[in-house]
Amino acid sequence: MEDNNIKYLTVEGLPEKDLLSEILNLYQDIFNDADSKFFVERIQHESNIFSVLAYSNNELVGFKIGYRKNKERFYSWIGGVKKAYRNLGVGKELARLQEIYAKEMGYKVLQNKSMNRFKPMMILNLKNGFNITKVYTNEKGQTKIVFEKTLY
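Here the structure is a predicted model, which is why all the values come from computation and not from measurement. (Residues numbered from 1 in each chain as written. Predicted model: local features only at pLDDT ≥ 70, side-chain atom pairs only at ≥ 80, totals over all residues. Heavy atoms only, no water.)

Enquirer: Quick one: what's the story with the nonpolar core, residue by residue and with numbers?
Expert: The nonpolar side chains of soluble globular proteins are, as a tendency, buried together. Ile23, Phe39, Leu53, Phe63, Ile65, Trp77 and Ile78 are the most contacted members of the largest nonpolar core, which has 21 residues in total. It is helix α1 (residues 17-30) that provides the largest number of residues to this core, a total of seven residues. Dropping the residues within four chain positions of it, Ile65 is found in contact with Ile23, Phe39, Ile43, Ile49, Phe50, Ser51, Tyr75, Ser76, Trp77, Ile78 and Gln98. Ile6, Val90, Leu97 and Leu110 belong to the second-largest nonpolar core, a separate cluster that totals 20 residues. (Core = buried A, V, L, I, M, F, W, Y, C linked by side-chain atoms within 4.5 Å. Buried < 20%, exposed > 50% of the residue type's maximum accessible area, 1.4 Å probe, protein only. Helix = DSSP H or I, 4+ residues; strand = E, 2+ residues; numbered from the N terminus. Contact = heavy atoms within 4.5 Å.)

Enquirer: For the packing of aromatic side chains, give the residues involved together with the corresponding values.
Expert: Counting across every chain of the model gives 10 aromatic pairs. For the ring pair Tyr27 and Phe31, a centre distance of 5.6 Å and an interplane angle of 50° mean the geometry is tilted. With respect to class, Tyr27 is no different from Phe31; both count as buried. One Lys or Arg, Lys69, reaches over the ring of Tyr75 and ends 5.1 Å from the middle of that ring. If you follow Lys134 out to its NZ or CZ, it ends over the ring of Tyr136, 5.2 Å from the centre. (Phe/Tyr/Trp six-rings, centres within 6.5 Å; stacked < 30°, edge-to-face > 60°. Lys NZ or Arg CZ within 6 Å of the ring centre and 35° of its normal.)

Enquirer: Outline helix α4 (residues 119-127), supporting the account with residue identities and numerical values.
Expert: By the burial criterion, the buried members of α4 are Met122, Leu124 and Asn125. Each buried residue of α4 lies within a common arc of 160° when the element is viewed along its axis, so the set occupies one face. When the buried face of α4 is taken as reference, the exposed residues oriented beyond 90 degrees from it are Pro120 and Lys127. Of the surrounding secondary structure, the elements contacted by the buried residues of α4 are α3 (90-104), β5 (109-115) and β7 (143-150). Immediately beyond the C-terminal end of α4, within one or two residues, lies Gly129, with a positive phi of roughly 90°. (Arc of directions from axis to C-beta.)

This is the structure in structure tokens:
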């Protein structure tokens, strides 16, 4: 069931300090192994950052952030939805809005990565037409799954 009280906001470029702090707080709330330093360094380092934010009664309840990998590829880097707002279609809508942006900007491929422990994200990817293109283990010993979707 969709929650009609959810409002979505898109932000092109690096979010302003207060908004970035709000996103960082939600990131830490959603991910128990959140690495705030890594998050801030990555978002400040990448170019063409694009964020989709979900609000309920002026409270940030979900986000999806991506950036330009190269001329043809948009990388959907990180996202999540507050536990109380899951299974309401928020994640699906965040992904849909990000995909619309990527298409409008002329990217040919939308890419993201996930881990086996994030099954809802993996299911969302597969339901939204992504293909698994690679599986690898990173330097931290985490198994990562690369998903890609051709946009046109």
